[in-house]
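So you can see what is in the structure, the chains are spelled out below.
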Amino acid sequence: MQTKAHPDSAINFKLRLMSVLLTGCAVGAYAPQVAAQDAPGEQAFEEADNAIVVSGIRATIQNSINTKRNSDEIVEALSADEIGDLPALSIGEAIETLTSAASHREQGGATEISLRGLGPFLGSTVVNGRSASNGSGDRSVNFSQFPSELFNRLEVYKTQSASMIEGGVAGQISLSTVRPVDYGKRLIQGELKVNYNPDNFDIDKDQRFQDFGYRGTVSYIDQFELGGGEVGISLGYSRNVSTNPEQEANVSGTVNFCKNDPTDRASGVFDDNNCNSAYDPTQDFVIAHNSYTLRQNITDDTRDSFFGSVQLKPNSDVDINMDFQYSKRLFREERSDLVFSEGRRIDGLGDANALDFPLMVSSSGALQQFTGETSVETNSEYLERDEEYYGGGLSVSVQATDRLKVSADLSYSQTQRIEESVQVRMRIRDQINLDGANTYPLSRESDGTTSNDRIETAYLIQQNGSQALNFVVQQFDVNNYGFFADNARTRYDLEQDRYNSIFAARADLEYELDGLFKTVELGGRFQELKYRDVPGAATGTSRNEITYSNAALAAANRACRTPFPESGFLSSVSSGNPLITNVDSAGNVISSTNTYATFDALCLVQSLEASNPSGTITFDENGVPSFPTGNFDSIQNNNVDEKTWAGYVQANFDSDLGALPLRGNVGLRVIKTKVDSSGFRGTLTSSTRPDGTLIITENQNSLTTVSGGGKYTEYLPSFNLTANLQPDLLARFAVFRALSRPDPSALGFGRSFNALLDDTVTSIADAVGTATASGNPFTDPLLSWNYDAALEWYPDKDSILAVGAYYKTFNGGFVNTSQTETFIVDGQALDTIVTTTNTNGETSSIYGFEVSAAHRFSYLPAPLDGLGFKVGYNYASSNFKFEDEDLGSSTLVAADGTVTRRIGVVPPAEIFGLSKHVLSAQVYYQLGGFDFQGVYKYRSRYFQQFVSTPGRLRFVDDTGVFEARISYKLNKNVRLSLEGLNLFNEPRVDYRPTIDDFASISSYGPRYYAGVRVKF
């Protein structure tokens, strides 16, 4: 077996860069103490009401340092000005600049945030002190839906107190909108940014949705007298229209154990047919995937957001706040795929009928190079995703007496995400060419027999310096539109319909004391979370599947051809290697290309339906077809209702121990959670497509309800202590118990079968032999004891050097359990192996340290005295283990209750979202009205779960992104800005199920914004 080391040169470079930056932090922090004296140069000051006020990036860093210093918990913070001034597409992009925070990226933007290298599952987010719903099926917040310009405060709490809403082992992100009376002045502000995306201009002008994007925001804040009190209003609206073209190469997510035994010609690699062997961990093996795809995307993304609030203070003792947030996003995408659809037909080493590219396999079983015979397809797809969020609440605070403060809050938020798509697949078959006599040769299987609907192909996976997929085909022109002449399978799919709502009510008391404890707080909270989803792309419910006649296909093929949409496709990640090379029977190169035949998806479905009417499809005024709705019951449905009751008591202290000032809090939070989950079971029917693959449909009249769920009560004590060792030196210690609940989607009863997910299934045994469970309603939360210690030095208003360490010990882990369930298919009872994830009693731990540093070189001669930096670094390590549900270790429970342990063949992952290294480094410079900021953000490899199949391992490779921003204030009312994101076109690379088994690469390109802001 040949092996290849996983490339790590980029990782080494970035680790060296971290070392250099951290060394710079230490040097800067210990610079001459003249830095503590704020020389009144013009670069960082404005005059306001005859007072000198620090402004710009220097002011926002000062605010961050001041908030961190004064907090009783270990916290990072941003002010509203700082959020608006960062080169950020959203709140998520801004949070990434804080120490220990990192994002997961989709379509090139930050969507989920991890804290201290731990995934969003282990953190929590509150908006105005309340939990917020989302459309992803997890407990994270999709930060891309929130415009950063409409928030005025952001904090990341790394330690917790009893008064905080539970749910974040890693920490809690708190977002706050402005309270207009407290803001204290009138503001009318408008900002417009024009977006230029170079990759968008590589797309054919007639095919892209638009040339330029834009981002516009208007805000209004004012206060009015009302009787003896005051009322304030705050209104904000934002519209973001962007193009995010994406270039992809990917591998199907289903993995198969494939025995690599030259003596066995009946199964495994050396079988003529699909490589699919019985699982045997004692055998040499390769990990086989069903298909390999090149994908070109054209996108359009429109988001509208409205935030409003009213604050009423009838007198100094009463404070009433009402706020509302709304966000609506419409995302459209046109996909053009070239699919090598039979990736499990693998030639064994030494196969005489294969192309001259020997089998290469890593030590983990990952395929790195192989040959085989495959059908080739074009998939043309049009997709729409519509997501709508509502959130808001009412809070009242009353100073009842000189010592007693009473407050209450009611809130509600809901999100619904609907995704629909239409896809037309056209295959090669029988050497047909719609455009003439030129065809392609018969491929030969390992035993020498010919196949007239397959192409001899070599798959090169991240070879020869390429980060992507490269293919060598024998005498087949992928740009020949006429070859794709068979089996126009068209799918009108509801891809997903997810609904999530959260209702919460809380009441709190705070009483002022004398002595060591200054105040005591107590309160209670109730929350009800509802989650519902229906299966995406399931035949008979959320899918209308039609195979049109070949005569209709021929007409549609000719009518709907498009030039390949994008120049330079995947050139930034292929290292000069052509994506597809065409060779003759002797291996001589005929041609090479980075393009392939593409078609307009909406044109195809309109033409097919016109030529061969199905009678079931209609079109709207834009030519978009009708799709199934989510109003149906299914075996795959999930319906979860989670109720939580919580109560707490907390004492806050601020006193001296001798000459040592101490402050902090101690408290206990008690929570009780009950989960009610329901789903369906019923009988199934099988049918066969024209190409011989199976369709499994549910008999809707046979469905019966199944229900159940777990409940638990937990006690969460907390203690936070801050000691002022010196006027500029703080020591902190914290210990607390925390929990992270399973995602709502992981608490469902749904079941999915192979034939519902995999187009290559041809037998009933394969179709229902295994099933994927969408969740387990009885899963307990993940609980941890957490210990933090930190030392923070504040030599001046612009500088900080903080070093912290933390240790988290978990008294529960996750294990995969497989058990037998029986389903009725075509009237016969068939056993199905279903794997679910459960919490066990194993212990594990995470430890890490973090460094924060900021400094301004004010002691340098002008104009260098406007130079400064801010750096945050986090290291984390864990012995937590999570096994892959397909090829990892698991517990097997037989029908008679017998328990056995399956030995895994792929190593486990660490805890969800764990990155060993997270770095954010900023350099800034101010001179008069000129402001410059450069940001580098790095995150090392981490395990990112799939929402629909959480038991499958997926690793996102390390990523480093450079961003920069320049702004200039013409006067106190007008500011011009220029921003650049992902300046060096860093791609995202995924692996599954091992760290060297390529899964996908996505290239987004850089993005630029030019803007003007006007305020009064």
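Placed above this text is the structure.
Worth saying up front: this structure is predicted, and the values here are computed from it rather than measured.

Rules and cut-offs
Residues numbered from 1 in each chain as written. Predicted model: local features only at pLDDT ≥ 70, side-chain atom pairs only at ≥ 80, totals over all residues. Heavy atoms only, no water. Helix = DSSP H or I, 4+ residues; strand = E, 2+ residues; numbered from the N terminus. Buried < 20%, exposed > 50% of the residue type's maximum accessible area, 1.4 Å probe, protein only. Contact = heavy atoms within 4.5 Å. Areas by Shrake-Rupley, 256 points an atom, 1.4 Å probe, with all protein chains shown as cover. Salt bridge = Lys/Arg side-chain N within 4 Å of Asp/Glu carboxyl O. Disulfide = S-S within 2.5 Å. Phe/Tyr/Trp six-rings, centres within 6.5 Å; stacked < 30°, edge-to-face > 60°. Patch = residues over 30% accessible without salt bridge, like charges linked within 9 Å, V, L, I, M, F, W, Y side chains within 5 Å. Core = buried A, V, L, I, M, F, W, Y, C linked by side-chain atoms within 4.5 Å. Domains from an automatic or database assignment. Axes fitted to C-alpha atoms, helices over the stretch in contact; angles between N-to-C directions. Left-handed = near helix turned anticlockwise from the far one by under 90°. Nonpolar A, V, L, I, M, F, W, Y, C, P; charged D, E, K, R; others polar. Pairing = 2+ DSSP bridges. Expected span 1.5 Å × (residues − 1).

Undergrad: Any chance you could explain the overall build of the chain here in plain terms?
TA: If you tally the helices and strands in the chain, you get nine helices and 58 strands. Relative to its 1016 residues, the chain shows a buried fraction of 61%. The long-range share in the chain, meaning contacts at least 24 apart out of those at least 6 apart in sequence, stands at 75%. On the chain, roughly 37100 Å² of surface is accessible, and the fraction owed to carbon and sulfur atoms is 54%.

Undergrad: Looking at this structure, I do not really get the pattern of salt bridges. What am I missing?
TA: Pairs can form between side chains of opposite charge once their charged atoms are near each other. Scanning all chains against the criterion turns up 58 salt bridges. Note that E850 is salt-bridged to K158, the shortest N-O span being 3.2 Å. Separated by 692 residues along the polypeptide, E850 in strand β46 (residues 844–856) and K158 in the loop between β8 (153–157) and β9 (171–176) bring together distant segments of the chain. Looking at E850, the relative accessible area reads 6%, which means it is buried. Of the charged contacts, one joins R975 and E191 as a salt bridge, the two residues approaching to 3.3 Å between their closest N and O atoms. With a gap of 784 residues between them, R975 in strand β55 (residues 974–981) and E191 in strand β10 (residues 187–196) connect regions that are remote in the sequence. Each member of the salt-bridge network shares a partner with another, and the members are K68, E76, R116, K158, R732, D788, E792 and E850.

Undergrad: How should the state of the cysteines be read in this particular structure?
TA: In protein chemistry, a disulfide is the covalent bond that joins the sulfur atoms of two cysteines. Per the counting criterion, the structure on display carries two disulfides. There is a disulfide in this structure between C258 and C275, and the S-S distance comes to 1.1 Å. An S-S torsion of about 110° defines the bridge between C258 and C275 as right-handed. With C258 in strand β14 (residues 255–259) and C275 in the loop between β14 and β15 (285–289), this residue pair connects regions lying 17 residues apart in the sequence. By relative accessible area, which is 0% here, C258 ends up buried.

Undergrad: I keep staring at the packing of aromatic side chains and nothing clicks. Help me out?
TA: The relation between two aromatic rings is expressed through the spacing of the ring centres and the mutual angle of the planes. Within the structure shown, the criterion is met by 39 aromatic pairs. Ring geometry for Y459 versus F471: centroids 5.7 Å apart, planes at 70°, classification edge-to-face. With Y459 in strand β24 (residues 455–461) and F471 in strand β25 (residues 469–474), the pair connects residues that are 12 residues apart, well separated along the chain. Of the two residues, Y459 and F471, both sit in the buried class. Both rings, one in F810 and one in F880, keep their centres 6.0 Å apart while their planes meet at 75°; by these two values the pair is edge-to-face. With F810 in strand β43 (residues 799–810) and F880 in the loop between β47 (867–878) and β48 (890–893), this residue pair connects regions lying 70 residues apart in the sequence. The class for F810 is buried, based on a relative accessible area of 0%. The buried category is assigned to F880, whose relative accessible area is 3%. One aromatic cluster in this structure is built from F810, F880, F882, F912, F943 and F955.

Undergrad: Explain a nonpolar patch on the surface here, please?
TA: A cluster of nonpolar side chains, namely L192, V194, Y196, F201, F212, Y214, Y968, L970, L976, Y1008 and V1012, defines an oily patch on the protein surface of about 910 Å² accessible area. Looking at the nonpolar patch, the elements that each hand over two or more residues are β10 and β58 (1007–1015). The leading source of residues in the nonpolar patch is β10, at three residues. Within the secondary structure, V194 sits in strand β10. We classify V194 as partly exposed; its relative accessible area is 39%.

Undergrad: What exactly am I supposed to notice about the nonpolar core here?
TA: Within soluble globular proteins, side chains that are nonpolar tend to cluster in buried spots. In terms of nonpolar packing, the biggest core is built from 107 residues, with F476 and I911 touching the most fellow members. Top contributing element to this core by residue count: helix α7 (residues 601–611), with five residues. Both domain 1 (57–203 + 243–248 + 513–538 + 633–1015) and domain 2 (249–284 + 336–381 + 425–492 + 539–626) contribute no fewer than three residues apiece to this core. Discounting residues that sit within four places of it in the chain, I911 has contacts with L118, L122, L782, F810, I846, F880 and F943.

Undergrad: Explanation requested: the packing of helix α6 (residues 550–559) against α7 in the structure shown.
TA: Packed helix pairs are specified by the crossing angle of their axes together with the interaxial distance, meaning the distance between the axes. In the contact formed by α6 and α7, the axes pass within 9 Å of each other and the chain directions differ by 145°. Seen along the crossing, α6 lies across α7 with a hand that is right-handed. Across the interface between the two elements, A552, L553, A555, A556, N557 and A559 from α6 touch C603, L604, S607, L608 and S611 from α7. Class assignment of the residues belonging to the contact of α6 with α7 gives a composition of eight nonpolar, three polar and no charged.

Undergrad: How should the sheet that holds strand β31 (residues 589–593) be read in this particular structure?
TA: Backbone-to-backbone hydrogen bonds pair the strands of a sheet. The strands run either parallel or antiparallel. The strand order across the open sheet built from six strands is β18-β19-β24-β25-β30-β31, with neighbouring strands paired in mixed fashion. Strand pairing shows two members of the sheet lacking a second neighbour, β18 (360–361) and β31, which therefore form its edges. As defined by bridge partners, β24 adjoins β25 across five bridges and the pair is classed as antiparallel. Across the sheet, residue L460 finds its bridge partner in β25, namely N470.

Undergrad: I'm lost on helix α2 (residues 56–70) in this one. Help?
TA: Each turn of an α-helix holds 3.6 residues, which means side chains three or four residues apart point in the same direction. With 15 residues, α2 extends 22 Å from end C-alpha to end C-alpha; this agrees with the ideal 21 Å at 1.5 Å per step. Listed in full, the buried residues belonging to α2 are G56, I57, R58, A59, T60, I61, Q62, S64, I65 and K68.

Undergrad: Just checking my understanding: could you explain the pairing of strand β51 (residues 930–939) for this structure?
TA: Here is the key point about a regular strand: its side chains alternate between the two faces of the sheet. Burial analysis of β51 places eight of its 10 residues in the buried class, the great majority of the element. As judged from the 10 bridges shared by strand β50 (residues 917–927) and β51, these two strands associate in the antiparallel manner. By the bridge assignment, L927 is partnered in β51 with F930. Linking β50 back to β51 in an antiparallel pair, the connection comprises two residues, with G928 at a positive phi of about 60°. As paired strands, β51 and strand β54 (residues 959–969) are joined by 10 bridges and run antiparallel to one another. Residue R939 lies in a different strand from β54, and its bridge partner there is T959.

Undergrad: What exactly am I supposed to notice about α6 here?
TA: Buried within α6 we find A552, L553, A554, A556 and N557. In this structure, the buried residues of α6 make contact with β21 (404–427), β26 (486–512), β28 (543–548), β29 (561–562), β32 (598–599) and α7.

Undergrad: Got a minute to help me understand unusual backbone geometry in this structure?
TA: Most peptide bonds take the trans configuration, and most residues that are not glycine carry a negative phi. Look at the link from A862 to P863: it is a cis peptide, with omega at 5°. Inspection of the secondary structure puts P863 in the loop between β46 and β47. Cis rather than trans, the peptide bond between R992 and P993 has omega equal to 0°. Phi at L570 takes a positive value of approximately 60°, unusual for a residue other than glycine. By the secondary structure assignment, L570 is in the loop between β29 and β30 (580–583). In the Ramachandran plot, N985 falls in the positive-phi region, its phi being about 55° despite a non-glycine side chain. Within the element layout of this structure, N985 appears in the loop between β55 and β56 (988–991).

Geometric values such as these leave the question of function open.
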